[in-house]
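# Analysis of the macromolecular model
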Amino acid sequence: MAEISQIVESAYEETAQPRLRRLRERFLYYLPAILVAVSVLVVWELVVRVFNIQQFLLPRPSAILDAFLAETQLFVTRGGSILFEAAGATLWSAVGGFAIGGGAGILIALVTARWTIISQALMPFAIAANSVPIIAFAPITNNWFGLTNPASKMAIVAIIVFFPVMINTVRGLTLVEPRQLELMQSYAASPFKILRALRIPNALPYIFSALRVASALSVIGAVVAEFFGGPRATLGVFITQVASSFDFARAWTGIIMASLIGIGFYLLVLFVERRLMPWHVSFRDGG
Amino acid sequence: MAQATTTAPVIAAQSINKIFKPGSAEQVVALQDINLTVQAGEFVSLIGPSGCGKSTLLRLIADLIPPTSGDLKVNNKTPHQARLDRDYGMVFQAATLYDWRTVSKNVQLPLEIMGYPAAQRKARAQEMLELVELGKFANHYPWQLSGGMQQRVAIARALAFEPSLLLMDEPFGALDEFTRERMNMELLRIWQRTGITVIFVTHSIPEAVFLSSRVVVMSPRPGRITRVIDIDLPYPRVFETRELPRFFELVTDVREHLRDAHGG
């Protein structure tokens with residue numbers, strides 16, 4: 001019996017298309033997560049209906065979905081939906097701030113890692129600054145750049161992104177295995193070649209783990225900065241305005257849009273990470 | 001000039017002392033009055049218990065640390081100049097491969113640093129991988145290889161730029177006995193084919209005897225050379241060499257000197 005099932009199994013392995021099998025494995029891998037998501041939505045819907053919860057406390061998922069579809073329809077048919085316009089504006093603030101803050105963080109880390117004295121002088125301040133709630137500066141940057149200028153939100157996002165990226169990059173550039181450095185010394189490698197061939201590849205996992213966190217932070221930063229005021233077509237302003245006019249299902253569409261942007265941005269960074277570091281431990285299994 | 005460098009010994013160490021943290025309470029005399037000469041083409045093992053300074057001596061030769069006093073010449077130059085001239089290749093106890101590079105790219109690393117053109121790098125890496133019998137694994141990543149295979153890649157990398165001297169710091173210490181014996185055979189084959197000079201640090205007596213033309217016995221605290229034993233086993237050394245009566249005599253000889261050095 002056991003032999004027969006083995007033969008059947010190996011025959012299946014040979015004939016089944018590897019692509020199809022991979023898809024099936026993927027599906028089985030994500031199945032528990034999908035089930036959790038579906039059951040949370042079902043329970044949410046039921047609880048709201050059964051206990052007759054007021055919609056300003058918690059709208060039904062179906063109501064939120066209806067509002068979302070209505071906005072989508074507006075966007076598709078008339079080419080104008082405040083929700084989608086707001087999403088675009090917030091995305092722009094988040095991505096712009098992410099690029100500026102992340103780029104500056106990596107650049108300054110490269111410079112300071114080259115001159116250790118500077119990095120030793122700067123690191124305590126960077127670590128301290130990293131634990132400051134930078135979002136509290138949003139009213140200040142609103143004053144600096146103007147309430148409706150996207151630069152005021154980008155500035156906040158850039159500062160939020162800058163510190164974790166810079167700190168992690170410095171760590172990745174300096175926390176190199178001593179043996180690997182000695183290997184480079186044995187080749188009489190110049191500091192620049194050590195940077196390029198050893199320190200930067202060594203730092204990549206550190207940089208990307210910071211960028212992944214920063215991608216989520218940048219959307220949070222942009223939306224919260226918009227809570228302090230900004231153009232009408234931004235997610236933060238949209239959510240506060242429709243919530244104050246008791247249109248809670250629509251407010252939730254704003255929240256969901258912000259979540260989608262955050263998740264999408266995170267997945268994009270993850271995708272780039274996988275393309276750039278196919279060797280990395282975390283991708284070896286199930287990748 | 002060329003004549004002078006061919007006749008000069010590869011290693012000439014005179015009255016070398018190495019003291020870590022001199023003058024402090026934790027001062028350690030790692031090496032005391034080391035005198036050692038190694039001629040071109042020799043295979044010399046440094047053997048001794050932990051703390052006898054055998055790795056320290058290797059690192060002095062490699063110019064990874066400076067001696068406290070004494071005169072050390074590598075290829076008739078200061079160790080620093082020898083390092084700048086890329087006179088030696090080094091193999092550590094851990095393979096120390098770069099995870100982000102394929103096997104071939106790892107072997108190419110020193111060639112890249114030294115500015116070889118890309119085509120030559122690739123060809124040379126393949127040649128070296130064939131030498132350590134890993135030609136089929138050029139495009140694998142290090143984590144896809146076993147410990148023994150990784151160490152062979154490290155050897156290929158150390159030989160890639162054709163240094164005249166190979167420094168090996170317990171390269172097979174982390175391998176199982178069976179793999180280690182196979183690696184020993186392979187290393188001897190490479191040594192005989194290339195004519196390279198090898199300084200080999202180990203704490204395995206049979207390994208030292210099997211591989212070497214000379215075994216340097218060291219003792220700890222302070223690290224000193226207590227005895228240099230010529231290994232007169234016939235070449236080529238094969239698997240059966242380990243079963244020769246002379247092999248056992250030499251192993252016993254080294255062991256007794258190690259025990260004397262250890263003070264009983």
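Residues numbered from 1 in each chain as written. Chains lettered and ligands numbered in written order. Predicted model: local features only at pLDDT ≥ 70, side-chain atom pairs only at ≥ 80, totals over all residues.

### Quick word on the overall build of chain B
When helices and strands are counted, chain B shows 9 helices and 9 strands. Computed over its C-alpha atoms, the radius of gyration of chain B comes to 19 Å, within 12% of the 18 Å expected for a compact globule of 264 residues. Dimensions of chain B, computed from the C-alpha atoms along their principal axes, are close to 50 × 45 × 40 Å. Expressed as a percentage of the 264 residues in chain B, the buried residues total 42%. In chain B, the proportion of contacts linking residues at least 24 apart, taken out of those at least 6 apart, comes to 69%. (Helix = DSSP H or I, 4+ residues; strand = E, 2+ residues; numbered from the N terminus. Rg over C-alpha atoms; globule rule 2.2 N^0.38 Å. Buried ≥ 20, exposed ≤ 12 C-beta atoms within 10 Å, placed from the backbone. Contact = placed C-beta atoms within 7 Å.)

### Observations concerning the packing of helix α4 (residues 82-114) of chain A against helix α11 (residues 248-276) of chain A
All names here are of chain A. Following both chains from N to C, one finds α4 and α11 inclined at 40°, their axes separated by 10 Å at the closest point. Viewed along their axes, α4 and α11 adopt a mutual orientation that is oblique. The element α4 and its partner α11 pack so that their crossing is right-handed. Residues Leu-83, Ala-86, Ala-87, Thr-90, Leu-91 and Ala-94 of α4 form the contact with α11, whose participating residues are Thr-253, Gly-254, Met-257, Ala-258, Ile-261 and Phe-265. A per-class count over the contact of α4 with α11 returns 9 nonpolar, 3 polar and no charged. (Axes fitted to C-alpha atoms, helices over the stretch in contact; angles between N-to-C directions. Parallel < 35°, antiparallel > 145°, perpendicular 65-115°, else oblique. Left-handed = near helix turned anticlockwise from the far one by under 90°. Nonpolar A, V, L, I, M, F, W, Y, C, P; charged D, E, K, R; others polar.)

### A few points about the pairing of strand β6 (residues 165-169) of chain B
Here is the key point about a regular strand: its side chains alternate between the two faces of the sheet. Residue and element names in this part refer to chain B. Burial runs high along β6: 5 of the 5 residues are buried. Alternating positions in β6 separate into two faces, Leu-165, Leu-167 and Asp-169 on one and Leu-166 and Met-168 on the other, with burial throughout. Pairing analysis gives 4 bridges linking strand β5 (residues 88-91) to β6, with the strands arranged parallel. Bridge assignment links Gly-89 to a residue of β6, and that residue is Leu-166. Note that β6 and strand β7 (residues 197-202) share 5 bridges and pair parallel. The residue bridging Met-168 from the neighbouring strand is Phe-200, located in β7. (Pairing = 2+ DSSP bridges.)

### Things to note about the domain arrangement of chain A
What the domain assignment reports for chain A is domain 1 (2-50) and domain 2 (61-283). Each of domain 1 of chain A and domain 2 of chain A has a C-alpha centre, and these two points are 33 Å apart. (Domains from an automatic or database assignment.)

### Some thoughts on the confidence of the model for chain B
Residue and element names in this part refer to chain B. Of all residues in chain B, 96% attain a pLDDT of 70 or more, and the chain-wide mean is 91. Low confidence marks residues 1-5, where pLDDT is under 50. Its contacts with residues over four positions away, or in another chain, come to 3 contacts. As a predicted assembly, this complex carries a pTM of 0.82 together with an ipTM value of 0.87. (pLDDT = per-residue confidence, 0-100.)

### Describing the interface of chain A and chain B
Taken together, the contacts link 15 residues of chain A with 19 residues of chain B. Broken down by element, the residue count for the side of chain A that touches chain B peaks at 6 residues, all from helix α8 (residues 178-186) of chain A. Considered class by class, the residues forming the side of chain A that touches chain B number 8 nonpolar, 3 polar and 4 charged.

### Some words on the domain arrangement of chain B
Residues and elements named next belong to chain B. Domain assignment breaks chain B into domain 1 (40-67 + 77-87 + 164-261) and domain 2 (97-162). On a C-alpha basis, the centres of domain 1 and domain 2 stand 24 Å from each other. Domain 1 puts 11 residues into the contact, and the matching count from domain 2 is 9 residues. No other element matches the 5 residues that helix α7 (residues 177-194) contributes to the side of domain 1 that touches domain 2. Among the residues making up the side of domain 1 that touches domain 2, the classes are represented as 7 nonpolar, 2 polar and 2 charged.

### Side note on the sheet that holds strand β1 (residues 11-20) of chain B
All names here are of chain B. Pairing in this open sheet of 3 strands is antiparallel, and the strands run β2-β1-β4 from one edge to the other. Sheet topology places β2 (28-38) and β4 (69-74) at the edges, where each strand pairs with a single neighbour. Neighbouring strand axes in the sheet, compared pairwise and without regard to direction, differ in orientation by 25° on average.

### A short note on the environment of B:Phe239
Within the fold, B:Phe239 resides in the loop between β9 (224-230) and α9 (245-261). Sequence separation between B:Phe239 and B:Met149 is 90 residues, and the spatial gap between their C-alpha atoms is 20 Å.

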